[in-house]
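# Chains, contacts and geometry: an overview
One-letter residues, chain by chain:
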Amino acid sequence: MSDYQYLSIKQIAESNQYPFSYGQIRHYLTLRHKNGLEIAIRKIGKRLYLRKDLFEAWIESQASTN
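What you see as residue numbers is a count from 1 along each chain, following the sequence as written. Totals for whole chains, interfaces and linings use all residues, but because this is a predicted model, local features are given only for residues with pLDDT of at least 70 and pairs of side-chain atoms are given and counted only at 80 or more. Values shown for side chains rest on all heavy atoms present in the structure; no hydrogens or waters enter the calculation.

## A short note on the environment of tyrosine 6
- Segments assigned H or I by DSSP are reported as helices when at least four residues long, segments assigned E as strands when at least two residues long, and all are numbered from the N terminus. For tyrosine 6, the location among the structural elements is in strand S1 (residues 6-8).
- Working definition: with a 1.4 Å probe on protein chains only, accessible area under 20% of the residue-type maximum means buried, over 50% means exposed, and in between means partly exposed. Residue tyrosine 6 is classed as partly exposed on the basis of its relative accessible area, which comes to 36%.
- Along the primary structure tyrosine 6 and lysine 34 are separated by 28 residues, whereas in three dimensions their C-alpha atoms are 22 Å apart.
- In this analysis, two residues are considered to be in contact whenever any of their non-hydrogen atoms come within 4.5 Å of each other. Among all residues touching tyrosine 6, those that are not within four sequence positions of it are Gln11, Arg42, Tyr49, Leu50 and Arg51.

## What to know about the pattern of salt bridges
- Criterion for a salt bridge: a side-chain nitrogen of Lys or Arg within 4 Å of a carboxyl oxygen of Asp or Glu. Counting across every chain of the model gives one salt bridge.
- Its salt-bridge partner being arginine 51, residue aspartate 53 comes within 2.7 Å of it at the nearest N-O pair.

See below:
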């Protein structure tokens with residue numbers, strides 16, 4: 001069994017590892033069905049968590065390919 005690390009929205013917003021504010025994360029989560037972020041989301045009860053490895057892969061996939 002794999003050990004996945006899950007992060008709450010608050011943990012991401014407060015972390016220095018990610019350049020997102022709380023409002024930005026909420027915006028991305030609201031549009032998760034359109035922007036492809038839904039693959040990294042895990043909903044437990046009413047709370048949303050992001051699987052760290054998939055979230056970081058999603059960030060890297062947003063890079064411009066110019």
